[in-house]
Amino acid sequence: MNHPDWKLLAEKAALYLYPRRCPFCGAVLGRDAVQGTVCPACFEAADKRLVHLPPRLPETEHAFYALNSAVAAYYYSGEVRHAILACKRGGELWRARELADRMAVLIWGAMPSHAPGRRPAALAPVGMPRYHYIVPVPPREPLPGTAGMPLLLARRLGILMQTPVLAPLYSTKPLQPQKELTRAERLANKKDAYACRPGTDLSGKRVLLVDDIITTGATVSACALALQQAGAYEITAAAVAATEELPKSLQKSTEKRK
Ligand SMILES: [Zn+2]
């Protein structure tokens, strides 16, 4: 007698109840979805245009310290910006899963899924770096009752990379409006803004630090410093998107679309 594959059935039921959607426009994905995650229209208009190539962020655009490297999948602009804000502020939390899948493919070269609903890395997790832990940046202003976007991204990446998620960081300072500060002030203000919970031991561990956006680099650097103080020896920061001056070719096409 054949036993039903409960895992597969559960996955199919979940897909029926919560169909996968394009992270940018929210359209339900059909079989023509590019890499199983993006609708063909958004792939042409947004994904291809805003992808950060190579994913490694240049030191000239950000002020990093305590980090071994920093990477992002996209430039923070246009449809990518819209998708992140809809997740963070609009409470459309499902977008975090889709964007984490894009991170796995665009940053670490995971094999994309062929159809919506599959995991991108499941086919060939070759080349995916091995981290001991994935750590989310503590959310600055999470919507009430939600986990916050960095934790959602970290959880999905944890599934894809088969890596445990740890959340030892907390902010030591009340939130200050960073926008009114200069770049130097922001860095100084942030430096001791995060710490690890007492008893956190990351001795000799490689840590992937996850945030939704990397702007100046002040937040991820301050978090990395706290992780370093808890013993972490190698820290990579990864985000969905980075704010940087767009390459000239992209600036033009972004303006046109406004
Ligand atoms: Zn779309």
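Refer to the preceding data block for the structure.
Just so we're clear, the structure is a prediction, and the values are computed from it rather than from any experiment. (Residues numbered from 1 in each chain as written. Predicted model: local features only at pLDDT ≥ 70, side-chain atom pairs only at ≥ 80, totals over all residues. Heavy atoms only, no water.)

**Let's talk about the overall build of the protein chain**
And step 1. Within the protein chain, the regular secondary structure consists of eight helices and six strands.
And step 2. Its helices and strands in sequence order give the protein chain the pattern α-α-β-α-α-β-α-β-α-β-β-α-β-α, from N to C terminus.
And step 3. The burial tally for the protein chain puts 50% of its 258 residues in the buried class.
And step 4. Entry remark: accessible area of the protein chain is about 13400 Å², with carbon and sulfur atoms responsible for 55%. (Helix = DSSP H or I, 4+ residues; strand = E, 2+ residues; numbered from the N terminus. Buried < 20%, exposed > 50% of the residue type's maximum accessible area, 1.4 Å probe, protein only. Areas by Shrake-Rupley, 256 points an atom, 1.4 Å probe, with all protein chains shown as cover.)

**A look at the side chain of Arg95**
And step 1. Position of Arg95 among the secondary structure elements: in helix H4 (residues 94–108).
And step 2. Contact partners of Arg95, with chain neighbours within four places excluded, come to Pro23, Phe24, Cys25, Gly26, His82, Ala83, Ala86 and Cys87. (Contact = heavy atoms within 4.5 Å.)

**A short note on the coordination of the zinc ion**
Under ideal tetrahedral coordination, the four donors around a metal are separated by 109.5 degrees; under ideal octahedral coordination, the six donors are separated by 90 or 180 degrees.
And step 1. At the metal site, the zinc ion is ligated by Cys22 (SG), Cys25 (SG), Cys39 (SG) and Cys42 (SG), and these contacts range over 2.3 Å.
And step 2. If you look at the zinc ion, its four donor atoms make angles of 102 to 113 degrees with each other, and the shape they trace is tetrahedral.
And step 3. Look at where the donors of the zinc ion fall in the sequence and you get C-x2-C-x13-C-x2-C.
And step 4. Residue class for Cys25 comes out partly exposed when judged on its relative accessible area of 41%. (Donors = N, O, S within 2.8 Å, 3.2 Å for Na, K, Ca; no water. Tetrahedral: all angles 85-135°; square planar, octahedral: opposite > 155°, others 65-115°.)

**Digging into a nonpolar patch on the surface**
And step 1. A cluster of nonpolar side chains, contributed by Tyr16, Leu17 and Tyr18, occupies part of the molecular surface with about 470 Å² of accessible area.
And step 2. You can see Leu17 is positioned in helix H1 (residues 6–17).
And step 3. Take Leu17: its relative accessible area is 61%, and that puts it in the exposed class. (Patch = residues over 30% accessible without salt bridge, like charges linked within 9 Å, V, L, I, M, F, W, Y side chains within 5 Å. Salt bridge = Lys/Arg side-chain N within 4 Å of Asp/Glu carboxyl O.)

**Overview of the packing of aromatic side chains**
Any aromatic ring pair is given by two values, namely how distant the centres are and how the planes are angled relative to each other.
And step 1. Per the stated rule, a full pass over the model turns up one aromatic pair.
And step 2. Between Phe24 and Tyr74, the aromatic rings sit 5.8 Å apart at their centres with planes inclined by 85 degrees, giving edge-to-face as the arrangement. Taken as a pair, Phe24 in the loop between H1 and helix H2 (40–50) and Tyr74 in strand S1 (residues 69–75) lie far apart in primary sequence, 50 residues in all. For the pair Phe24 and Tyr74, one class covers both residues: buried. (Phe/Tyr/Trp six-rings, centres within 6.5 Å; stacked < 30°, edge-to-face > 60°.)

**Digging into the sheet that holds S1**
And step 1. One open sheet holds the four strands; their spatial order is S1-S6-S5-S2, and the pairing between them is parallel. The open sheet is flanked by S1 and strand S2 (133–136), the only strands paired with a single partner. Mean inter-strand twist for the sheet, computed between neighbouring axes without regard to direction, equals 20 degrees.
And step 2. As judged from the four bridges shared by S2 and strand S5 (residues 206–214), these two strands associate in the parallel manner. The partner of Val135 across the bridge, within S5, is Leu209.
And step 3. Sitting on the sheet, helix H3 (residues 78–88) touches S1, S5 and strand S6 (234–242), and the angle it makes with S5 is about 100 degrees.
And step 4. The strands touched by helix H5 (residues 149–161) within the sheet are S2, S5 and S6, with S5 carrying the most contacts at an inclination of about 135 degrees. (Pairing = 2+ DSSP bridges. Axes fitted to C-alpha atoms, helices over the stretch in contact; angles between N-to-C directions.)

**Focus: the side chain of Ser221**
And step 1. With respect to the helices and strands, the residue Ser221 is situated in helix H7 (residues 218–229).
And step 2. If we ignore the near neighbours within four places in the chain, the residues touching Ser221 are Ala63, Phe64, Tyr65, Ala66 and Leu67.

**What to know about the pattern of salt bridges**
And step 1. Under the defined criterion, the tally for this structure stands at ten salt bridges.
And step 2. Between Glu98 and Arg20 there is a salt bridge whose closest N-O contact spans 2.7 Å. Here Arg20 lies in the loop between H1 and H2 and Glu98 lies in helix H4, a separation of 78 residues in the sequence. When sorted by exposure, Glu98 lands in the same class as Arg20, which is buried.
And step 3. Connected through salt bridges with shared partners, the residues Arg20, Arg97, Glu98, Asp101 and Arg156 form a single ionic network.

**Some thoughts on H5**
Each α-helix winds once per 3.6 residues, and so residues spaced three or four apart point in a common direction.
And step 1. In this model, H5 (13 residues) spans 18 Å end to end at C-alpha, consistent with the 18 Å of a helix rising 1.5 Å per residue.
And step 2. Along H5, eleven of the 13 residues are buried, which leaves the element largely enclosed by surrounding structure.
And step 3. The complete set of buried residues in H5 reads Met149, Pro150, Leu151, Leu152, Leu153, Ala154, Arg156, Leu157, Gly158, Leu160 and Met161.
And step 4. Once H5 ends, the next one or two residues include Gln162, with phi positive near 50 degrees. (Expected span 1.5 Å × (residues − 1).)

Spatial relationships are all this shows, so hold off on functional conclusions.
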